[in-house]
Amino acid sequence: MVLPGALDAEVTRSRRARIGRLAVRRLLFGVPLVLVVSLAAFALAAASPFDPLEAYLGGSGDGYTEAEREVLRHTLGLDQSWISAWWHWISGAVTGDFGYSRAYHEPVAQVLAERLGWTALLGFAGSVVAVVLACALGITAGLRAGGFADKVISAIAVVLQAVPPFIVALGAVLLFAVTLRLFPTSGLTDPGEPITAASAARHLVLPALVLGVSQVPWLALGLREAITGAMGSDAVRGAYARGLPPRVVHSGHVLPMASAPFFALIGGRLPELLVGATVVETVFAWPGLGDATVDSARALDFPLLAIVTVLTVGLVVAGNLAADAAAIAVDPRIEADG
């Protein structure tokens, strides 16, 4: 006879083993994917009609002779073929040398060290805002499908879906910073003041709120659809037929069944979170990688653009792995891929 405690422990070990095998397979898939994406980034950059040397010289290009331009092009490594430039970059990246940023005039590793943490902080805060609001709105609308609350929430989400993030950002600045004066408009601290944890937290509120709200419509509507689908399942109808109270059915059947597609949706929206961070960081002068991405693309700064592309791919792979692992953990019906 198998005791309930031993059976639960066996189920837990089985889920952990499946998640571990899933992580190994995704890692084996992610390494060649990163190589291919970085290779494609350099190939597309080489096909660009813009001249990196002109971007580097900016408005001072007329003061150089053709011979001086060739010397400078050779010094910057811009006379290499794109495949040679990629091999030089990937060989250095393996040893931790990501190249030199022509846009910021410092090593790429230094640019990452100064900005990656701020982007991670903004992305985490925005994700928390998005998930909390989406859960509250999606659960309310899904459990009351067809009711007044569902119609109001769905209508607001559909309208918000059509509004670009920079419009949401400008509207938030106008309302909360200019009119109500609740939060500062930009930066990490007030002019002339040192950067402290308190000042950074106060300046983080508005961009994190905008970044999170820009992702709420997709997450809330997706959760609503998952809940309404679970409400019509045989398992939920059977639970009601057995006389279980709605609260028990919702918490024990509906929400666990709706969790897996919601986690998958969160993992799929991570690239959009990065794109939204680029816009939000630009509007709020937040010193993160999103703003650096715009600068590197504008200056044709390929070493910095390549590492940002690789980090984006890594974020997508890690996000989807976390979403699938969470789905396996909460729903025993889901099998790991492969």
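Residues numbered from 1 in each chain as written. Predicted model: local features only at pLDDT ≥ 70, side-chain atom pairs only at ≥ 80, totals over all residues. Heavy atoms only, no water.

Draft legend 1. Expanded view of the confidence of the model for the protein. Averaged over all residues, the pLDDT of the protein equals 83, while 93% of them reach at least 70. Highest mean pLDDT in the protein belongs to helix 6 (residues 148–161) (92); lowest belongs to helix 2 (residues 52–57) (76). (pLDDT = per-residue confidence, 0-100. Helix = DSSP H or I, 4+ residues; strand = E, 2+ residues; numbered from the N terminus.)

Draft legend 2. Representation of the nonpolar core. Counting residues in hydrophobic clusters, the biggest one holds 19 residues, and the most contacted among them are Leu 122, Leu 204, Val 210, Leu 211, Val 280 and Phe 284. Looking at this core, the elements that each hand over two or more residues are helix 5 (108–143), helix 7 (165–179), helix 8 (197–231) and helix 10 (246–283). Setting aside residues no more than four positions away along its own chain, Leu 211 makes contact with Leu 122, Gly 123, Gly 126, Leu 273, Gly 276, Ala 277 and Val 280. Listed in part, the 16 residues of the second largest apolar core include Ala 226, Ile 227, Ala 258 and Phe 262. (Core = buried A, V, L, I, M, F, W, Y, C linked by side-chain atoms within 4.5 Å. Buried < 20%, exposed > 50% of the residue type's maximum accessible area, 1.4 Å probe, protein only. Contact = heavy atoms within 4.5 Å.)

Draft legend 3. Broad picture of the packing of aromatic side chains. In this structure the tally under the stated criterion is 4 aromatic pairs. With a centroid separation of 6.2 Å and 50° between ring planes, the pair formed by Trp 86 and Trp 87 is classed as tilted. For Trp 86, a relative accessible area of 12% gives the class buried. Its relative accessible area of 56% is what places Trp 87 among the exposed residues. (Phe/Tyr/Trp six-rings, centres within 6.5 Å; stacked < 30°, edge-to-face > 60°.)

Draft legend 4. Representation of the packing of helix 5 against helix 6 in the model. Relative to each other, helix 5 and helix 6 sit at 135°, their axes nearing to 7 Å. It follows from the interaxial angle that helix 5 and helix 6 lie oblique. Considering how the two elements wind past one another, helix 5 and helix 6 form a crossing that is left-handed. Residue-level contacts link Leu 137, Thr 140 and Ala 141 of helix 5 to Ala 149, Asp 150 and Ile 153 of helix 6. Considering only residue class, the contact of helix 5 with helix 6 consists of 4 nonpolar, 1 polar and 1 charged. (Axes fitted to C-alpha atoms, helices over the stretch in contact; angles between N-to-C directions. Parallel < 35°, antiparallel > 145°, perpendicular 65-115°, else oblique. Left-handed = near helix turned anticlockwise from the far one by under 90°. Nonpolar A, V, L, I, M, F, W, Y, C, P; charged D, E, K, R; others polar.)

Draft legend 5. Geometry of the side chain of Glu 106. Checked against the element boundaries, Glu 106 lands in strand 2 (residues 106–107). The charged side chain of Glu 106 is buried without a salt bridge, its nearest counter-charge being Arg 115 at 6.1 Å. Those residues in contact with Glu 106 that lie beyond four places of it in its chain are Tyr 100, Ser 101, Val 111 and Glu 114. (Lys, Arg positive; Asp, Glu negative; His and termini not counted. Salt bridge = Lys/Arg side-chain N within 4 Å of Asp/Glu carboxyl O.)

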